[in-house]
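Observations on the model geometry
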Amino acid sequence: MAINKKKRKRIILLAVLAAVLIIIGACAVWLATYYRADMDAIVSYSDDHLSSVVQDTLENGDIAFMSTAEPEYGIIFYPGARVEHTAYIPLMKKL
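Since we're looking at a predicted model, the values are computed, not measured. (Residues numbered from 1 in each chain as written. Predicted model: local features only at pLDDT ≥ 70, side-chain atom pairs only at ≥ 80, totals over all residues. Heavy atoms only, no water.)

**So, the overall build of the chain**
- Helices and strands together make up the secondary structure of the chain, namely three helices and two strands.
- The secondary structure elements of the chain, listed N-terminal to C-terminal, are α-α-β-β-α.
- Counting over 95 residues, the chain shows a buried share of 9%.
- A sequence separation of at least 24 residues applies to 49% of the contacts in the chain between residues at least 6 apart.
- Surface summary for the chain: the accessible area is close to 8,500 Å², and the carbon and sulfur share equals 65%. (Helix = DSSP H or I, 4+ residues; strand = E, 2+ residues; numbered from the N terminus. Buried < 20%, exposed > 50% of the residue type's maximum accessible area, 1.4 Å probe, protein only. Contact = heavy atoms within 4.5 Å. Areas by Shrake-Rupley, 256 points an atom, 1.4 Å probe, with all protein chains shown as cover.)

This is the structure we're talking about:
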């Protein structure tokens, strides 16, 4: 039994549409998930015995760690993609 051309085009169109919707859904789920800060980072953020923590009050939410000693140099760190910026706090305090 042969499928007529109209029905074949409809099946192909529906298959392509379903594939596109699945790909869009998978991308949306992937982009919505990211690595969050663990308890060490959260505790480190509130524990400021090594340095004083200054969080920018502007809407960009930048965080600056200022040494208690007179600084000789500085480091600018840009966090990686899909990682919460506060997850880097323990690493930045060690630097």
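**Here we look at the packing of aromatic side chains**
- Applying the stated criterion across every chain yields a total of one aromatic pair.
- In this arrangement the basic side chain of Arg 82 is found over the ring face of Trp 30, its NZ or CZ atom lying 4.1 Å from the centre. (Phe/Tyr/Trp six-rings, centres within 6.5 Å; stacked < 30°, edge-to-face > 60°. Lys NZ or Arg CZ within 6 Å of the ring centre and 35° of its normal.)

**Let's talk about a nonpolar patch on the surface**
- On the surface, a cluster of nonpolar side chains totalling about 550 Å² of accessible area is made up of Tyr 73, Ile 75, Phe 77, Leu 91 and Leu 95.
- In this structure, Ile 75 sits in the loop between β2 (63–67) and α3 (89–94). (Patch = residues over 30% accessible without salt bridge, like charges linked within 9 Å, V, L, I, M, F, W, Y side chains within 5 Å. Salt bridge = Lys/Arg side-chain N within 4 Å of Asp/Glu carboxyl O.)

**Details of the confidence of the model for the chain**
- Mean pLDDT over the chain: 78, with 78% of residues reaching 70 or higher.
- Within the chain, helix α1 (residues 5–32) carries the highest mean pLDDT (93), whereas strand β1 (residues 51–55) carries the lowest (54). (pLDDT = per-residue confidence, 0-100.)

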